[in-house]
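As a plain string of letters, each chain reads:
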Amino acid sequence: MAIDWTNFTPWSSLTGGMLLGVAAAMLALLNGRIAGISGIAGGLLGAKSGDKGWRLAFIGGLLAAPVAWTLFSAAPASKIDATIPELIIAGLLVGVGTRYAGGCTSGHGVCGLARLSGRSLVATLTFMAAGFATVFISRHLAGQ
Amino acid sequence: MLAFSAFAIGLLFGGGLLLAGMANPAKVRGFLDLAGNWDPSLALVMAGAIAVAFVGFKFAKRMPSSLLHALMQLPGKRQIDKRLLVGSLAFGTGWGLAGFCPGPAFVALGGGSMKALIFTLAMLAGFAIHWGIERK
């Protein structure tokens, strides 16, 4: 392992993370809900009519964020190396996996750990390990 | 009111993801690449988010209803079962493959990325597959 000092962004990442924490705290305190994106979006299926509005509004906020961002400054860098077939397989795995796991990086990784949930800790360690293993295999064994 | 606050909070959450670098799959995969050139940034995203959210949940846990008078719906599930483990393994594999998890996928889609659209449609199909199998 070598630390990638050129791409390391400690301050913006820490500040961005704190904003995520503020948003998660606000959604709990104001709406009484967990800021878990897979739960909010996946829960639209089969949701009662009165339970759909806030879910769609939250997703609308996520979609609008980069638009609002570019009103004030240049769009931040974003690079997607995955091929189209990889994106399709990855999307299916993320969609099905997060629903069976009952959460993703936000629901388990941020909110669950902040609530000191043992179940979320196990989920987070498991998906992190799978993520590390997948990148290791694709970059260092398969030679991509 | 609940929809309005959800939109504003979604906007803030999306801004946090953009600032943190989470909406950049190459950066996310740089964090997951322990054996290569490791970018530790995302560990700080998690640390900052958890530290702040911890304080919020400390108050939320004691409230019977939210400040906007909605029912406080915090998860009570504790069991660690096969669904949690297999689901998390599948999720982590997809996350490592594309560098996208659900929140950043929506943010990148809002930024107009065609590849994010493809990923998001596949993810929504994944939600629908789960719903089709599990709905009672």
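Residues numbered from 1 in each chain as written. Chains lettered and ligands numbered in written order. Predicted model: local features only at pLDDT ≥ 70, side-chain atom pairs only at ≥ 80, totals over all residues. Heavy atoms only, no water.

**Some points on the overall build of chain B**
(1) Moving on: Of regular secondary structure, chain B possesses six helices and one strand.
(2) Moving on: Along chain B, helices (α) and strands (β) appear in the sequence α-α-β-α-α-α-α when read from the amino end.
(3) Moving on: Each principal axis of the C-alpha atoms in chain B carries an extent, and together these give about 45 × 40 × 30 Å.
(4) Moving on: Every one of the 136 residues in chain B was classed for burial, and the buried ones make up 52%.
(5) Moving on: Sequence-distant contacts, at least 24 apart, represent 38% of the contacts inside chain B between residues at least 6 apart.
(6) Moving on: A total of about 6,000 Å² of accessible surface is found on chain B, and carbon and sulfur atoms cover 70% of it.
(7) Moving on: Each charge class in chain B can be summarised by its mean position, and for the 12 positive and 4 negative side chains these summaries are 10 Å apart. (Helix = DSSP H or I, 4+ residues; strand = E, 2+ residues; numbered from the N terminus. Buried < 20%, exposed > 50% of the residue type's maximum accessible area, 1.4 Å probe, protein only. Contact = heavy atoms within 4.5 Å. Areas by Shrake-Rupley, 256 points an atom, 1.4 Å probe, with all protein chains shown as cover. Lys, Arg positive; Asp, Glu negative; His and termini not counted. Charge placed at Lys NZ, Arg CZ, Asp CG, Glu CD.)

**Regarding the confidence of the model for chain B**
(1) Moving on: Counting all residues, the mean pLDDT for chain B is 96, and 99% of those residues have values of 70 or more.
(2) Moving on: Interface predicted TM-score (ipTM) for the complex: 0.96; the corresponding pTM is 0.96. (pLDDT = per-residue confidence, 0-100.)

**What about helix H3 (residues 53-72) of chain A?**
All names here are of chain A.
(1) Moving on: Here H3 spans 28 Å end to end across 20 residues, near enough to the 28 Å set by a 1.5 Å rise per residue.
(2) Moving on: At alanine 64, H3 is deflected by roughly 35 degrees, the largest bend along its length, and proline proline 66 occurs up to four residues later in sequence.
(3) Moving on: Taken residue by residue, H3 has Trp54, Arg55, Ala57, Phe58, Ile59, Gly61, Leu62, Ala65 and Pro66 as its buried positions. (Expected span 1.5 Å × (residues − 1). Bend = angle between axes of the 7 residues up to and from the residue.)

**Observations concerning the state of the cysteines**
(1) Moving on: What the rule picks out here adds up to zero disulfides over all chains.
(2) Moving on: A:Cys104 provides the cysteine sulfur closest to A:Cys111, a residue in no disulfide bond, and the two sulfurs are 9.1 Å apart.
(3) Moving on: Left without a disulfide partner, B:Cys101 is nearest to the cysteine sulfur of A:Cys104, which lies 6.2 Å away.
(4) Moving on: Classification of B:Cys101 as buried rests on a relative accessible area of 3%. (Disulfide = S-S within 2.5 Å.)

**A short note on the side chain of A:Thr105**
(1) Moving on: Mapped onto the fold, A:Thr105 is located in helix H5 (residues 105-114).
(2) Moving on: According to the relative accessible area criterion, A:Thr105 is buried, its value standing at 7%.
(3) Moving on: If we skip the residues at most four places from it in the chain, A:Thr105 touches A:Val110, A:Phe127, B:Phe91, B:Trp95 and B:Cys101.

**A few points about the domain arrangement of chain A**
Residues and elements named next belong to chain A.
(1) Moving on: When cut into domains, chain A gives domain 1 (1-77) and domain 2 (79-144).
(2) Moving on: Surface buried jointly by domain 1 and domain 2 totals about 650 Å² across both partners, of which 66% is contributed by carbon and sulfur atoms.
(3) Moving on: The largest share of the area that domain 1 buries against domain 2 comes from Ile34, Ala35 and Ser38, three residues that together contribute 53% of it.
(4) Moving on: Between domain 1 and domain 2 we count zero salt bridges in total.
(5) Moving on: Where domain 1 touches domain 2, the interface holds one residue pair in polar contact (both at pLDDT 80 or more).
(6) Moving on: Examining the composition of the side of domain 1 that touches domain 2, we find that four residues originate from one element, helix H2 (residues 37-42), more than from any other.
(7) Moving on: For the side of domain 1 that touches domain 2, the residue count by class is five nonpolar, five polar and no charged. (Domains from an automatic or database assignment. Buried area = accessible area lost by both parts, 1.4 Å probe. Salt bridge = Lys/Arg side-chain N within 4 Å of Asp/Glu carboxyl O. Polar contact = N/O pair within 3.5 Å; in protein donor to acceptor, adjacent residues only side chain to side chain. Nonpolar A, V, L, I, M, F, W, Y, C, P; charged D, E, K, R; others polar.)

**Points about the environment of B:Leu34**
(1) Moving on: Within the element layout of this structure, B:Leu34 appears in the loop between helix H2 (25-32) and strand S1 (37-38).
(2) Moving on: You can call B:Leu34 partly exposed: its relative accessible area is 32%.

**What to know about the packing of H5(A) against helix H6 (residues 118-141) of chain A**
Residue and element names in this part refer to chain A.
(1) Moving on: The geometry of H5 relative to H6 is characterised by a closest axis approach of 9 Å and an angle of 135 degrees between their N-to-C directions. Taken together, the axes of H5 and H6 lie oblique to each other. The handedness of the crossing between H5 and H6 is left-handed. Side by side, H5 and H6 meet where Thr105, Gly107, His108, Gly109, Gly112 and Leu113 of the first sit next to Arg119, Ser120, Leu121, Ala123, Thr124 and Phe127 of the second. (Axes fitted to C-alpha atoms, helices over the stretch in contact; angles between N-to-C directions. Parallel < 35°, antiparallel > 145°, perpendicular 65-115°, else oblique. Left-handed = near helix turned anticlockwise from the far one by under 90°.)

**Structural notes on the nonpolar core**
(1) Moving on: Membership of the largest hydrophobic core comes to 64 residues, with the highest contact counts inside it found for A:Phe58, B:Phe13, B:Trp95, B:Phe100 and B:Phe119.
(2) Moving on: Of all the elements, helix H3 (residues 41-60) of chain B adds the most residues to this core, at seven residues.
(3) Moving on: For this core, the domains that each give at least three residues are domain 1 (1-77) and domain 2 (79-144) of chain A.
(4) Moving on: Beyond its immediate chain neighbours, meaning those up to four positions away, B:Phe100 contacts A:Ile80, A:Val94, B:Pro25, B:Trp95, B:Ala105, B:Ala108, B:Ala116 and B:Phe119. (Core = buried A, V, L, I, M, F, W, Y, C linked by side-chain atoms within 4.5 Å.)

**Here we look at the packing of aromatic side chains**
(1) Moving on: Inspection of the entire model under this criterion finds eight aromatic pairs over all chains.
(2) Moving on: On the basis of an interplanar angle of 85 degrees and a centroid distance of 5.8 Å, the ring pair of A:Phe127 and B:Trp95 is categorised as edge-to-face. Of the two residues, A:Phe127 sits in helix H6 while B:Trp95 sits in helix H4 (residues 82-98), which places them in two different chains. Each member of the pair, A:Phe127 as well as B:Trp95, is classed as buried.
(3) Moving on: Relative to B:Phe31, the ring of A:Phe132 lies with its centre 5.9 Å away and its plane at 50 degrees, an arrangement referred to as tilted. Linking A:Phe132 in helix H6 with B:Phe31 in helix H2, this pair reaches from one chain into another. (Phe/Tyr/Trp six-rings, centres within 6.5 Å; stacked < 30°, edge-to-face > 60°.)

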